[in-house]
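Inside the fold
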Amino acid sequence: MSPLDLAARPAEKPLTAAQMLKLYQLETADLENIQSFGESVVPRLDDYVTRFYDWMETQPEFEQFFSDTEKLDRVQRQQLVYWQEFFAAKVDEEYLDKRRVVGEAHARIGLPLQVYLAAMNVSMKLITGNLYKSGLSPDQYATSIHSVSKLMHMDCAIVVQTFSARVNRIMAEQNDALMEMSTPVTSIWDGILLLPIVGIIDSSRGQDIMNAMLAKISKTRARVAILDISGVAVVDTAVANHLIKITKATRLMGCETTISGISPAIAQTIVELGIDVGDIQTTATLRDALVYAFRATGVEIRQAP
Amino acid sequence: MQGIHNAEARIAIRGESDVARAIVQARRMSQAAAFQTVDQSRIATTVSELARNILKYAGQGEVILRGCVGATRRGMEIIAEDSGPGIADTDSALSDHYSSGGTLGLGLPGVQRMMDEFALESEPGAGTRVTVRKWL
């Protein structure tokens, strides 16, 4: 995705704390339930960490992520803080930010999302089972569990969102990198430029091609340019429009552009679309375009005797 | 390989990269269905036009590609739908060089020329659906 495309599709704006609470139907009573449930659980969190890592060690990912003890120590401490904050149940912007940091950290080390979710599942079981030692009535207990699971779902969702936002960001960056590589305007002879286009031309790429061509013309003072589109997947009206504009703009700079690589299929679709190519020079093959370019620049090709 | 008559692909169109995905998918399906090169090109171009229209006029929508079976022949069906502003004047939209978007104004009439069957349904404020077919 190019910067233009990114602007057209803005990154989803994260929800505010109030919106998140509403979305996950977390009401004041829920947060109070979580806090009072936490009074029984928080003092036993050390026990939770021990049991949690008993489980974690059975996972194939354990060695990969927690091989050194120092790192393990640090992660365990962060985990304690995480649950203390969870049971404080103070859901504000800071709380959400911290959850995003957690997601970002897991995504960065490449922890599979399913391991994260499985770990949250195990945590839920430990917290509501082994750790819980309090005298709530069955009804109160059920209500508390319900509140706890709402907040856990919200936390998980934030982490999942952070994971997918990261993937989208990487895709956008790769797309940009691809675009930069995809407009290699080359000076193949004195006064002759060649730009082979492969793939799909969208509006931002059309603009990139235009910019690259014009910049190169002004730099090399080329008189002839060849735009080879034999590798282009589709020439629809938008693409044709781009090509027409590019040839017009180069002409204004004193450079005549030939569009080469018009296949029989492309020729027919252009006619059926009803596009008026006007006086644009086009050829079936790159070879024809080259011959034309040499002639226009006064170069003569002769077979060596 | 899956027969064309029961193959279906639905592509949500929200950005330029989705248009590219739809074009690539249309290429693959028309190739698998053994359409001639020219028809493959017509189908890909049609998908490109329709998907770009969705993006330009409605912002988002969906392109559905699927095989279809007629009385005596097989073919491919392309549906492009959105819940955008719709087309106020469908007759004009289907005539050459008419554009409400400042472009060539050849997209829809071009699609109509390239395809064998063409249907445009649109209601202002409710969206647009274009259904086209190309027979083998």
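Going along each chain's sequence as written, the residues are numbered from 1 onward. Key to labels: chains lettered from A, ligands numbered from 1, both in the order written. With pLDDT at 70 or above as the cut-off, local features in this predicted model cover only qualifying residues; side-chain atom pairs require 80 or more to be listed or tallied, and sums for whole chains, interfaces and linings still use all residues.

1. Overview of the overall build of chain B
Short version of the rule: Put simply, DSSP H or I for four residues or longer makes a helix, DSSP E for two residues or longer makes a strand, and each gets a number counted from the N terminus. Every radius of gyration here is taken over C-alpha atoms, with the globule rule written as 2.2 Å times N^0.38, N being the number of residues. Buried means a residue has 20 or more other C-beta atoms within 10 Å of its own C-beta, exposed means 12 or fewer, and partly exposed covers the counts in between; C-beta atoms are placed from the backbone. Distance between backbone-placed C-beta atoms decides contact: two residues are in contact if it is within 7 Å.
For chain B, the helix and strand inventory stands at four helices and five strands. Counting helices and strands in the order they occur from the N terminus, chain B gives β-α-α-β-β-α-α-β-β. Against the globule reference of 14 Å for 136 residues, chain B gives a C-alpha radius of gyration of 14 Å, in line with a compact fold. By principal-axis analysis of the C-alpha atoms, chain B measures approximately 40 × 25 × 25 Å. Classification of the 136 residues of chain B by burial places 41% in the buried group. Taking as baseline every contact in chain B between residues at least 6 positions apart, the subset at least 24 positions apart corresponds to 62%.

2. Looking at the overall build of chain A
Along the backbone of chain A there are 13 helices and five strands. In terms of C-alpha radius of gyration, chain A reaches 31 Å, well past the compact-globule figure of 19 Å for 305 residues. Projecting the C-alpha coordinates of chain A onto the three principal axes gives extents of approximately 100 × 40 × 35 Å. The buried share of chain A, taken over its 305 residues, is 27%. Contacts in chain A between residues far apart in sequence, at least 24 positions, make up 83% of those at least 6 positions apart.

3. Details of unusual backbone geometry
Residues and elements named next belong to chain A. Even without being a glycine, glutamine 25 presents a positive backbone phi close to 50°. Here glutamine 25 is to be found in the loop between α2 (17–23) and α3 (28–41). One non-glycine residue, alanine 89, adopts positive backbone phi at about 50°. Here alanine 89 shows up in the loop between α6 (69–88) and α7 (93–108).

4. Details of the domain arrangement of chain A
Size of an interface: often given as the accessible area lost when the parts come together. Filter applied, for reference: Domain start and stop points were drawn from an automatic or database domain assignment.
Domain boundaries assigned for chain A yield domain 1 (3–179) and domain 2 (186–296). The C-alpha centroid of domain 2 of chain A is placed 53 Å from the C-alpha centroid of domain 1 of chain A.

5. Section: the nonpolar core
What counts here: Nonpolar cores are built from buried Ala, Val, Leu, Ile, Met, Phe, Trp, Tyr and Cys residues. These are joined into a set through C-beta atoms within 7 Å.
Judged by nonpolar contacts, the single largest core of 63 residues is most densely connected at Val47(B), Ala51(B) and Val63(B). A total of seven residues in this core trace back to one element, the largest contributor, which is helix α2 (residues 37–58) of chain B. If sequence neighbours within four positions are ignored, Val63(B) has contacts with Ile11(B), Ile13(B), Ala22(B), Val47(B), Leu50(B), Ala51(B), Ile78(B) and Ala80(B). Of all hydrophobic cores here, the second largest spans 15 residues; its members include Tyr48(A), Val91(A), Val148(A) and Leu151(A).

6. So, the interface of chain B and chain A
Where we set the bar: Just so you know the grouping, Ala, Val, Leu, Ile, Met, Phe, Trp, Tyr, Cys and Pro go in nonpolar, Asp, Glu, Lys and Arg go in charged, and all remaining residues, Gly too, go in polar.
On the side of chain A, 24 residues touch chain B, which itself brings 26 residues to the contact. Among the secondary structure elements, those contributing two or more residues to the side of chain B that touches chain A are α1 (16–32), α2 and α4 (107–114) of chain B. Classifying every residue of the side of chain B that touches chain A by side-chain character gives nine nonpolar, nine polar and eight charged.

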